[in-house]
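Secondary and tertiary structure notes
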Amino acid sequence: MALEALHACTDRTRELSTLSVGQRYRVRLACLLGAWHDILLLDEPSNHLDADGLAFLTDRLRGHGGGVALVSHDRALLRDVAREFLDLDPTQDGRPRAYAGGYEAWQDGRRRDRERWIQDYEEQQAEHRRLTVAVDQARDRLSTGWRPAKGTGKHQRQSRAPGVVQALNREREALEAHRITVPEPPLSLRWPALATRPGSALVRVRDVTVAGRLTGPVTLDVDGGDRLLITGENGSGKSTLLSVLADALIPTSGTVHHLAGARVAMVAQEVPSWPGEFTARQVYEQHVGRLTVRGAVPERDLVPLGATGLLDREAMRTPVARMSLGQQRRLDLALRLATRPHLIIFDEPTNHLSSMLVDELTTALLGTPAAVIVATHDRQLLADLAPWPRLHLTRG
Ligand SMILES: Nc1ncnc2c1ncn2[C@@H]1O[C@H](COP(=O)(O)OP(=O)(O)OP(=O)(O)O)[C@@H](O)[C@H]1O
Ligand SMILES: [Mg+2]
């Protein structure tokens, strides 16, 4: 029943590995929603679902008589179904925050908390700097600054020096007593300056099809600075077409031409598998090492890992196997940005990224001079990118 309602693959003999990512998720979700449970615990249930699947899921959750605990980055889904929010993102005091009153109340409360955190952090750092300077000045006065006037009696010299020593001790104590209690607030995305190649056809696609995966035929040109939104139901061939555009898949028929020297990067639907014991920094170094060896990118053009604001120092030192999926996606995005691509392709960029980062990413995509192609089912992102030209794929 639920398999049909979700338009999931009903062929029980089909191997899961031959289904698209979204098709696999539908089968899994159908198994859960098909049984009537009192309490539903759902971890990112809307990832990879298309419009029909999302509508079915939203209806089921809204109509559910029992309790629902939902972990999701899907801003439209949260808006539609969530009444209370438990936010586990880092906070100033390290404790989780609960917000009542729906999506808007959560966003407002969160923004206020974040602003207070930044303000408290900056004030405390400024006070710490002020005290450090005061100690330095007192030390200077002791060693060089203060000299008794010539002819001053020996007795007087001795009696004034202890005052300076006392002042230094006072400043030192004040500095030692000043505790840094406010942790550094989380970073926000720093989108690098990307280059544009105006007017030049970065990628030229003619009558492309991929047997069993993309019916097409698709014909399109991607010029410098272009925008394109690719939509279509699960299994319609969006990821397949993006792989063709990124030069990662050879089409069965038709032609693809990439402009010589054009840098194309793709943030794929699922993160690649990196050696689990590698830290983010090692993954980055290996990645850019490979590219610079091939001469694909001049070394001076590389965007350093720490410059994107995607991973903090702690995360950069963490082995990949111990990173959350969200952190792995952030690393993947940092790797793609490292090469300052002329064309950047996003396949379902909102999956596993926090809503705040998705908001920042959306602003960056709207403003960047590079060409951008996005395939997404995310209703909020579709609304935000509504003015972009669209290519809608259908299963043929
Ligand atoms: N590696 C593969 N081998 C064979 N068939 C595949 C492979 N990957 C995908 N397919 C099939 O190709 C078709 C298109 O898959 P693709 O992943 O491009 O769809 P999609 O539009 O990106 O779907 P989704 O919205 O679920 O991400 C689907 O029918 C899928 O079952
Ligand atoms: Mg896909």
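Everything numeric in this text was worked out from a predicted model, so none of it was measured. (Residues numbered from 1 in each chain as written. Chains lettered and ligands numbered in written order. Predicted model: local features only at pLDDT ≥ 70, side-chain atom pairs only at ≥ 80, totals over all residues. Heavy atoms only, no water.)

Turning to the coordination of the magnesium ion (ligand 2), a few remarks are in order. For the magnesium ion (ligand 2), the full set of protein donor atoms is Ser239 (OG) and Gln269 (OE1), at a range of 2.0 to 2.2 Å. Of this pair, Ser239 sits in helix H7 (residues 238-245) while Gln269 is found in the loop between strand S9 (264-267) and helix H8 (280-293), placing the two residues 30 residues apart along the sequence. Taking relative accessible area as the criterion, Ser239 reaches 26% and is therefore assigned partly exposed. (Donors = N, O, S within 2.8 Å, 3.2 Å for Na, K, Ca; no water. Helix = DSSP H or I, 4+ residues; strand = E, 2+ residues; numbered from the N terminus. Buried < 20%, exposed > 50% of the residue type's maximum accessible area, 1.4 Å probe, protein only.)

The subject of this paragraph is unusual backbone geometry. The residue Asp247 is not glycine, and still its phi comes out positive at about 65°. Residue placement: Asp247 occurs in the loop between H7 and strand S8 (253-258). One non-glycine residue with positive phi stands out, namely Glu348, at about 55°. Owing to a relative accessible area of 2%, Glu348 belongs among the buried residues under this scheme.

The next point concerns the site of ligand 1. What surrounds ligand 1 is a group of 18 residues, the closest being Ser20, Gly22, Lys238, Ser239 and Thr240. Gly235 has a polar backbone atom sitting 2.9 Å from an oxygen atom of ligand 1. At 2.9 Å from an oxygen atom of ligand 1 is found a side-chain nitrogen or oxygen belonging to Gln269. For ligand 1, whose accessible area on its own is 640 Å², the fraction buried by protein is 79%. Elements with a contribution of two residues or more to the shell around ligand 1: helix H2 (21-33) and H7. Broken down by element, the shell around ligand 1 gets its largest block of residues, three residues, from H7. Across the shell around ligand 1, the residue classes tally to one nonpolar, 13 polar and four charged. (Near = heavy atom within 4 Å. Polar contact = N/O pair within 3.5 Å; in protein donor to acceptor, adjacent residues only side chain to side chain. Areas by Shrake-Rupley, 256 points an atom, 1.4 Å probe, with all protein chains shown as cover. Nonpolar A, V, L, I, M, F, W, Y, C, P; charged D, E, K, R; others polar.)

Applying the stated criterion to the full structure yields three aromatic pairs. When the centroid spacing of 6.3 Å and the interplanar angle of 70° are considered together, the rings of Phe85 and Tyr103 count as edge-to-face. One end of the pair, Phe85, is in strand S3 (residues 84-87); the other, Tyr103, is in helix H5 (residues 102-145), with 18 residues separating them in the sequence. As far as the burial class goes, Phe85 and Tyr103 line up, both buried. Centroid distance Phe85 to Trp106: 4.5 Å. Interplanar angle 5°. Geometry classified as stacked. Pair noted here: Phe85 is in strand S3 and Trp106 is in helix H5, with a separation of 21 residues, a long-range link. Assessed through its relative accessible area of 7%, Trp106 is described here as buried. Through pairs of rings, three or more aromatic residues link up here, namely Phe85, Tyr103 and Trp106. (Phe/Tyr/Trp six-rings, centres within 6.5 Å; stacked < 30°, edge-to-face > 60°.)

A word on helix H10 (residues 325-338). Compared with an ideal rise of 1.5 Å per residue, which puts 14 residues at 20 Å, H10 spans 20 Å between its outermost C-alpha atoms and is within 8% of the ideal. Among the 14 residues in H10, eleven count as buried, and that is most of the element. Within H10, burial applies to Gly326, Gln328, Arg329, Leu331, Asp332, Leu333, Ala334, Leu335, Arg336, Leu337 and Ala338. Following H10 by one or two positions, Arg340 adopts a phi angle in the positive range, close to 45°. (Expected span 1.5 Å × (residues − 1).)

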